[in-house]
Every structure is written in C-alpha cells, then in structure tokens.
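Fold and geometry: a report
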Amino acid sequence: MRFGILGPLEVTGAAAATDGGPEPSYAPQAAKLRVVLGTLLIRANEVVSVESLIDELWPDAPPRTATTTLQVYVSHLRKTLQSADPEGGREALVTRRPGYLLRVGADAVDALAFEDLSRRGHQALQASDFAAAADLQRRALALWRGPLLSDTPHGPVLEGAAVRLAEARTTALDERIRAELHLGLHRELVAELQELVAEHRMHEEFHTHLMVALYRCGRQAEALRVFTTLRQTLVEELGIEPGPASTRLQRRILEGDPALTRAGGRAAGPGAGTTAATAGTPAGTGRMPGHDGPPAAVAGTGAGAGAAGWSAAPGAMPAADPCFTGRAEELNRLERMLRSAQAGGCVAVTGMPGAGKTALAVEAAHRVADAFPDGRLYLDLRDGAGPGLPSGAGSVLERLLPASTGPGAAPDDGAPHAPRVLLVLDGVGSETQVRPLLPALRGAVVLLVARRVPAGLPGLRSVLLGPWRRDEAQRLVGLFTGRAGTRPVTLGGTAALDAGPGLGPDTVAEIAELCGRLPLAVRTAAAQLAARPHWTAAVLADRLRDEGGRLDVLRTGDVDVRARLLDAYEACPEPLRRAFRLLSLLPPGRFGARQAAAALDLTEARASAALESLADERLVAVDRDGCHLPELLRLLAVERLALEDPPEVVRAAAERVCRAYAAAAAAEPGRVSDSGARGLVRLARTAYGAGLWALAVRLTDALAGWVPDDGEAVYALALDAARRCADRSAQARMGRSLGELAWQYRRVEQAHELFSGALELAREAGDEEEEARAQVGLAELALDAGASAAAAALLEPALAALSAPGRTRGRYEASRARALLALAHEGPESARAWFGECLELAGALRDQRLEVYALRSLRALSLPPEGGSGPASRAVEIRPGLWRIHPAGVPT
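Summary of the structure given here. Since the structure is predicted, the reported quantities are computational estimates derived from the model, not experimental observations.

The rules behind each value
- Residues numbered from 1 in each chain as written.
- Predicted model: local features only at pLDDT ≥ 70, side-chain atom pairs only at ≥ 80, totals over all residues.
- Heavy atoms only, no water.
- Helix = DSSP H or I, 4+ residues; strand = E, 2+ residues; numbered from the N terminus.
- Buried < 20%, exposed > 50% of the residue type's maximum accessible area, 1.4 Å probe, protein only.
- Areas by Shrake-Rupley, 256 points an atom, 1.4 Å probe, with all protein chains shown as cover.
- Pairing = 2+ DSSP bridges.
- Axes fitted to C-alpha atoms, helices over the stretch in contact; angles between N-to-C directions.
- Contact = heavy atoms within 4.5 Å.
- Parallel < 35°, antiparallel > 145°, perpendicular 65-115°, else oblique.
- Left-handed = near helix turned anticlockwise from the far one by under 90°.
- Polar contact = N/O pair within 3.5 Å; in protein donor to acceptor, adjacent residues only side chain to side chain.
- Expected span 1.5 Å × (residues − 1).
- Arc of directions from axis to C-beta.
- Phe/Tyr/Trp six-rings, centres within 6.5 Å; stacked < 30°, edge-to-face > 60°.
- Salt bridge = Lys/Arg side-chain N within 4 Å of Asp/Glu carboxyl O.
- Patch = residues over 30% accessible without salt bridge, like charges linked within 9 Å, V, L, I, M, F, W, Y side chains within 5 Å.

Our next topic: the overall build of the chain. Within the chain one finds 36 helices and 16 strands. The 892 residues of the chain split such that 51% are buried. When the accessible area of the chain is evaluated, it comes to approximately 39,000 Å², of which 52% is carbon and sulfur surface.

On the basis of which strands lie adjacent, the open sheet formed by five strands has the order β7-β8-β9-β6-β10 and parallel pairing. Lying at the two open borders of the sheet, with one neighbouring strand each, are β7 (376-380) and β10 (461-465). Sheet twist, expressed as the mean angle between neighbouring strand axes with direction ignored, is 15°. For strand β6 (residues 346-351) and strand β9 (residues 444-450), the ladder comprises five bridges, and the chain directions are parallel. Residue pairing across strands places C346 opposite V446, the latter belonging to β9. Sitting on the sheet, helix α12 (residues 328-340) is in contact with β6, β8 (421-428), β9 and β10, with an inclination near 165° to β10. Packing of helix α13 (residues 357-367) onto the sheet brings it into contact with β6, β7, β8, β9 and β10, and relative to β9 it is tilted by some 160°.

On to the pairing of β7. For β7, the tally of buried residues reaches five of five residues, placing the bulk of the element in the interior. Of the strand pairs in this sheet, β7 and β8 are connected by five bridges, and their pairing is parallel. By the bridge assignment, R376 is partnered in β8 with L422.

In this section: the packing of helix α30 (residues 728-744) against helix α32 (residues 768-784). Following both chains from N to C, one finds α30 and α32 inclined at 20°, their axes separated by 10 Å at the closest point. Put simply, α30 runs roughly parallel to α32. Seen along the crossing, α30 lies across α32 with a hand that is left-handed. The residues of α32 that touch α30, namely those facing S729, A732, R733, R736 and W743, are E770, R773, A774, E780, L781 and D784.

As for its placement among the helices and strands, D552 is situated in helix α20 (residues 550-553). When the C-alpha atoms of D552 and R562 are compared, they prove to be 7.9 Å apart, with 10 residues separating the residues in sequence. Reaching out from D552, the side chain makes a polar contact with the side chain of R562 at a distance of 2.9 Å.

Here A455 is to be found in the loop between β9 and β10. You can call A455 partly exposed: its relative accessible area is 46%. In sequence terms A455 and S430 are 25 residues apart; their C-alpha atoms lie 7.8 Å from each other. The contacts of A455, once residues within four sequence positions are left out, are E431 and R435.

Helix length check: helix α24 (residues 604-616), at 13 residues, gives a terminal C-alpha distance of 18 Å against a target of 18 Å (1.5 Å per residue), a fit within 8%. A607, A610, L611, L614 and A615 are the residues of α24 that are buried. For α24, the arc enclosing every buried residue in end-on projection is 140°, short of the 170-degree limit, so these residues lie on one face. Seen from the buried face of α24, the exposed residues on the opposite side, beyond 90 degrees, are A605 and R606. On its buried side, α24 packs onto α22 (574-583), α23 (593-600), β13 (621-623) and β14 (626-628).

A separate point is the packing of aromatic side chains. To describe a pair of aromatic rings, one takes the distance between the centres and the angle between the planes. One pass over the full model with this rule turns up five aromatic pairs. For the pair Y688 and W693, a centre-to-centre distance of 5.2 Å together with 70° between the ring planes defines the contact as edge-to-face. The class for W693 is partly exposed, based on a relative accessible area of 23%. When the centroid spacing of 6.3 Å and the interplanar angle of 75° are considered together, the rings of F835 and Y853 count as edge-to-face.

This part is about unusual backbone geometry. Look at the link from R97 to P98: it is a cis peptide, with omega at 10°. Phi is positive for D601, close to 60°, though the residue is something other than glycine. Judged by its relative accessible area of 54%, D601 falls in the exposed class. Even without being glycine, A726 reaches a positive phi, approximately 55°.

Pairing is antiparallel across the open sheet formed by three strands, whose spatial order is β3-β5-β4. The two strands at the open ends of the sheet, each matched to only one other strand, are β3 (47-49) and β4 (93-96). Neighbour-to-neighbour, the strand axes of the sheet open up by a mean angle of 30°, direction not taken into account. Strands β3 and β5 (99-102) of the sheet are contacted by helix α2 (residues 50-57), whose axis makes an angle of about 65° with β3. Of the strands in this sheet, β4 and β5 are in contact with helix α3 (residues 66-84), which crosses β4 at around 145°.

For helix α1 (residues 31-42), which comprises 12 residues, the first-to-last C-alpha distance of 16 Å matches the rise-based estimate of 16 Å (1.5 Å per residue) to within 8%. Taken across its 12 residues, α1 has 10 buried, putting it largely inside the fold. Turning to α1, its buried residues number three or more, namely L33, R34, V35, V36, L37, G38, T39, L40, L41 and I42.

Take E780: it is sitting in helix α32. Side chain to side chain, E780 and R879 meet in a polar contact 2.8 Å long. Setting aside chain neighbours within four positions, we find E780 in contact with W743, R816, A817, L820 and R879.

Turning to the pattern of salt bridges, a few remarks are in order. Here the structure, examined in full by the defined rule, presents 62 salt bridges. Residue R178 is joined to D174 by a salt bridge in which the shortest nitrogen-to-oxygen separation is 2.7 Å. Linking R178 with D174, this pair stays in helix α7 (residues 156-182), spanning four residues, or about one helical turn. Put simply, E837 and R811 hold a salt bridge, and the shortest N to O gap is 2.7 Å. Within this pair, whereas E837 is found in helix α35 (residues 828-845), its partner R811 is found in helix α34 (residues 808-825), the two being separated by 26 residues in sequence. Taken together, the salt bridges that share partners define one network made up of R736, E740, E770, E780, E813, R816 and R879.

Glancing now at the environment of E513. Its location among the elements puts E513 in helix α17 (residues 505-514). By relative accessible area, E513 is classed as partly exposed at 30%.

Together, M202, L238 and I240 make up an exposed nonpolar region whose accessible area comes to about 260 Å². Here I240 is to be found in the loop between α10 (220-238) and α11 (244-255). You can call I240 partly exposed: its relative accessible area is 41%.

Here's what the structure looks like:
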C-alpha cells in the first residue's frame, strides 16, 4: 500500500489492475476523510491527538459531536485501507492515546521518500559528488505532482506542512541546479532558470544561478541584466538591496573572473571530471587517463565552497573566460614562452590594474595543456591575510610536489628536462612570495601574474599587458551584446552582430577609447549599458566624454574602476604619488623627460629616474616613443592633485609646464601637429584658469592658425587674457582670429566688426604686421561681397608690410587672398603666379597643409572649365578645406 500526498491525495494498494491498466486509486472521495488521512500521513508513524485532528477538520468552530464524528471518519478510513490492502490495511490505523497512529513503511509515502532522497543529495553535494547530488535531487523532485494535498482542505497542520515541504522542494531544486552547474550543464539550464526567476522574482539563488549559466554561455550582458532586474524588484517591493553573495557575483562577472567559468567536479561518464580517489589513476598524478586538468585531489569544489556553489577549490584551474576578447599577439607570445620554458622556469604576466592579466594567464594555461601532462594548478596569493602564502596553499603545493619531484619526474642530474606541471600564481606582490618555492618545483613551470615584474627571479621572462590595441577596440561589440569571446564570436570575422540600435563598431570603439581601452573599464561600461535598458550607446558615450565624471560612470554595483586604480596608486611611496599627481598637468599624450622635469621641478636626469619608477609601478606607460599617462590613470591623477595638493603648489607647477611648452613652441614657430595643438589648447585653458594671462596668450599664439573644434571659445579666452594684461597687439591678434572664424561660419557682419576692431587695436599698438593681417581679413570680406576694387586697395599696403623678414605666415595669407582676387578678375596666369608664391612661402613655413593647398590650387588652374567660360565658373577652394561656389561671373 502506497500513499501520495505531493499533489492530489493518492492511495494505491495490492489489488492492482489485471488488465495492464493503471493501479486503482483508493483515495477517499469525501473531503473530511481526505483531511484526516492527509494529517495522519503528514505525521506518519506518530501519534496525532484527537484535538489536532478536530482542529484540522473544523478550524473555526467544531461541532458538539466532533469527537463522535471523528470516530466515524476513522472507521470509514479503516475500511478504505482494508480495501487497498486486505491483509494488513485495517491494522495500519490504530488507536493510541491520546489519538490515532498510522503505521507506514519508509518508502510507502512519497513525502518521506522525497525527504530521504533530498537529504542524501545534500550530503553528496557537501561531499562534492556533483553527479550523485544531481541524480538524487532529480529523483526527489520527480515525486512531486503538484502542491501538497492540492485536493484537500488545509487546516493548521496541513498548512504548516505545505509551507515546510514547498521550501524543501525549492532547496532541492536549488541544489540540483547547483550540482548541474558544476557538471557543466549551464546551457541546458538557461531556459529552466529563466522560467524559475520569472516565478520566484525575489529568490536570489535562482537569479545568481542564471547569471552564472548565462556568463558561462558567453552572454555577459544578459547575466548583468538579470542582476539589475533582481535589484529593481527588491528595491521597489521590499526597499532592500541584493545580498552580499549576489553583489559579489555581479562584481566577478564585471571583472571577468576566470574562476566563474570553471565547471568541474565528479561527474558520471568519460571525460566529465575526476574523482577524489587516486586509485586506478596513473601513479602520482591523481588524474584519470586523458584528463588534462589539475590533480583530482584539488579539482573538486568542497563543502565550504560558498553559498552559490560555483567557487573553485584551492588549486583548481579556472575554465577559460567565455568573454575573453582580443590579445592575440600577447597570447601567442605567452604561449611560446610557456611551451619553450624549461622545468623550474618562470614566466610572468604584468601590467596596470584592470588590464586583464589573470584572464590572459588562464587562457594561455588552457592552450598549453598538452605541454604539461601532470596537470595545471592555480593559486591566488591575494587570498592571504599577509605577505606570505594564503592558508590553502600548503595542501595545494603538497599535491603538486609529487608530480614535480616524484617518480614521474626527471632525475635531478643538472640537465634540462621537460616540465610536467604548470603552476599559475596570481596576485604576486613580490619575489619574496615566490623565491622560496622554486627549489622544490624542479618539474614545474611557474606562471606569475603580477602588477610589476618580480625582480631577482633567475631566468624570468615576462609579457607586459597594456590596454587593448585600437584595432582590437573595433571588435568589442560582443562585450555589449553579451556575445563576446573568441569562441562564440570570431574576432575579425565578417558575420554581423545583432548589436542593437546605434551600437556599431565605431560607437564601441569610441567608448573603448574613452575607457582608455582598459578591459575592466570597457566591461564596466558594457555593464552600465546592460543595467540601464533606457540608455543608448550614444547616451553612455556622452556621459563618458565628461572627464570630470568619467570615473563615476565606470562604477556599477561594487565594481569600481577608480578603486582598482587607487590600489596601485596607494601602494606607492609618497614621492612617487606626488610625481604621479603633478604629471597630470601635462597635456594628454606622449611626453619626455624635459616636460616631466618642468612638472616635477627636477632636473631631466632625476625626472627620468622618477618616470622609470612610476613605470615599474604601472602608473606611467613607457615605450620607445616616450611616456604617457594611461587615460584613466591620468583622470585619477587629476582628481588626486585637486584633493591632496595645495592650490599654490598646483599653480606653480602649472606655470612651469605652460612656460616649458610655450618655449618649445616658440623655438619652432609655425610647426605644430594636431596632437600638439590640442595640448597647447588645453594648456592655454589651464593658464587662463590659473590667472596666467600672458602665458594663455603665448600658448594660443603658438597654435599658428590651427583651429580646434571649439576655436571660438579658445580665442575668446585668449582675447580676455590679452585685455587683462593690457596687451593691445595680442588683443588685435585674437580679435583677427575670431574674425576669421566668424567669416568661415558666414557671420559676415560680426567678422567685419572683429577685423575692424583688430585693425584699430594694431594701429594703436604700432603693430605693423598685425595691422596688415587685419587688412587681409577685411579684403577677403570685400572680395566675398564682390567689391574687388576695395579688396585690391586693402591688399596692396598689406602685401608691402608683410614682405618684411619674419612675417612669412602673414605674407602667405596676403598672397592667398591676392591669388583669389586674380582668379576672379585677372585670369589664370596671374592667379598661377600668386599661388606659386603661396607654395614657396608654405615651403619656408614647412607647413604641409598649406603646401598641399597651394598645389591643389595650381592643379585646378590647369583643368578645363566645367560648363563655364573660365576658372571663375568653378567652385573655388579659398582656404584649405573651405570652398566657395561662384556664380558665372563675380561683379567688380
């Protein structure tokens, strides 16, 4: 006789159907009888008092005949049980003071069987036997047909039991999913978990399991969106934040923690995993044949692995990051180093924080698995509370040593031999953590992951990891769509990604540039976009463009890019921190020891030494072309300078930097690159903000006609600075520059007013050169309006004045205007002569942009007219990149 209460009440017995059909059900039809039987089954093999049964039958107001009626119900139940089991059914329900007792076997009630299977599954999970745990919990869950006694009215006893067993079912489901995640069944679990989180909107464990499953499928953005949805639900409905475990998991996904991708443990079937015992395995290895993972004794996840159940045990090599992107060059170089390393050798991956050092090391370790037949181990030294090894390191190294020095290792005869084991040591702070281990690891290769190169280790070779390269930044769309990684998405392939509106390679490349192409920062930006569905990629890029708030944007949950960078900064001694802060006063881009010396107020030799020390700490990037502050570190330095240094110190350093750059520009007048010009613009703003008026003017003068995107604002500041230092010549120069910009934007009246004001100021200052250049500006306005005679009258004295030595740029502009006048009214030969003079002057200025313009103009004069009678019928390039569309003739 069997009873089913995990769903509608079922009673089956020995009188089975003889025609091959289903067994007949003996469950009573009357609701009151089902209540009594259900209550006795919930407390099977226990005495249930009459009072409890009466309360269950009539929770509100029992009748006066309740006891007698209950006796009648019990009598009916005995007849039903006898029908189900003629031999012993009636005797199963006995009267026992102060009530009744129903005797059943341990496997006769599905609820008892469920609890036994679930308990055994829990024990298997605690023992890291994930295959057994999944199987037992699966069998336990299969016993459920619906809610407890779903066809029976519930009183206090049944209601309490329903709550208890429903929670037990949820726990069994959680542990089954956890075990299956360990077995690598993440793809099979995604659909089920999505259904579960929709049903259990505030159940954090199901949400975290879904996050892990999606992340392992390479769907990082979707995993982060699950966390966002959970947080919104908890905040809106309960006013609380997700728990620490969920928050930590979000941070690990953002950081691309390789340990999250590991799906290991004891599994049924070949190749699915390893067992804890070493019996039957090759001697000394603890591995099953063909298994390329770490020794089995450290491969599983123990009972203390954490609430979520996916943390790797000490020594376990994490699986490769499914979102690993790019780094092909560095990965190939590291793989070659590991394959060619002799036993006992060391290789290091170093670089600035957030560069993806651990992910690269783990990826490389998986690629070289065939070169290390005794396995690969992973140990994170940051887990320790002090400078030594973490507490779990001893057992890991004990397991490693037999493979390194045991029977399978090569004899210690001094000759090089092939390594047997790869040990990845992450979070190395100094060589003192590593050096004591090396003599004992004769058969191993050690791969170190550290911010700075551990000096003093013999034969160490290293790979320095910087930001992603620009060509790699074009391929990061997958990080924003949840489809990143070299496995699901081939880098450089032609297959189009469903990137969403506005999320193309160019937009992603811009976001990556604003993040300094630092992997952690780009991942965090992608997480921000995933967490805010109402944001577009354009909104994210716009927020990142604000330098003052960029590091604030690069923070989500408890993943904070600023905090990671601060760790490296705070690990340095104060003199280096001060140097780092002062270097933020230099314009973005490359600089040398001379510029650093100005910022630091040091000699070039001492500045070079400081730069080398900062490079060792990964706060400054150095290559053959010079030094630069990585973009996000530069923003951090700006922040720390404002917070830690007195204003007078900052102003003095800013003045030194501005003077150094102004002097360098004056030494090579007229020669400024685009990047150099942007640096001068930034310094001019710095000088203006510090009240260094004359320096603001000098730096703006050094632009030599280069016009930034916000040119009007730049020259307006310089004009105000010139007024503040009462420099009329400078006022005339800045006014003329603003006039040229107004003319280009077709604000003719404003341009005329500015040129006229500049002309008047130049005359008051006695500045003949600037007076002539203002006349050239007015002449261009007249020519543009068709007043060629007025233009000629203005250009004649200007050309004469600008023929004096040292006025080459002004002479070029006057000759260009005169060539345009000749083109409109004198014919191509006259224009050719003037453009030829422009070409000579541009060569003297060594200004390639002006040379190319003059050559284009000369070439255009040789082309046949297009639908007109001469060159004036064509569009005319009046300045580099600026064109005028002529009518058929220009009035004089």
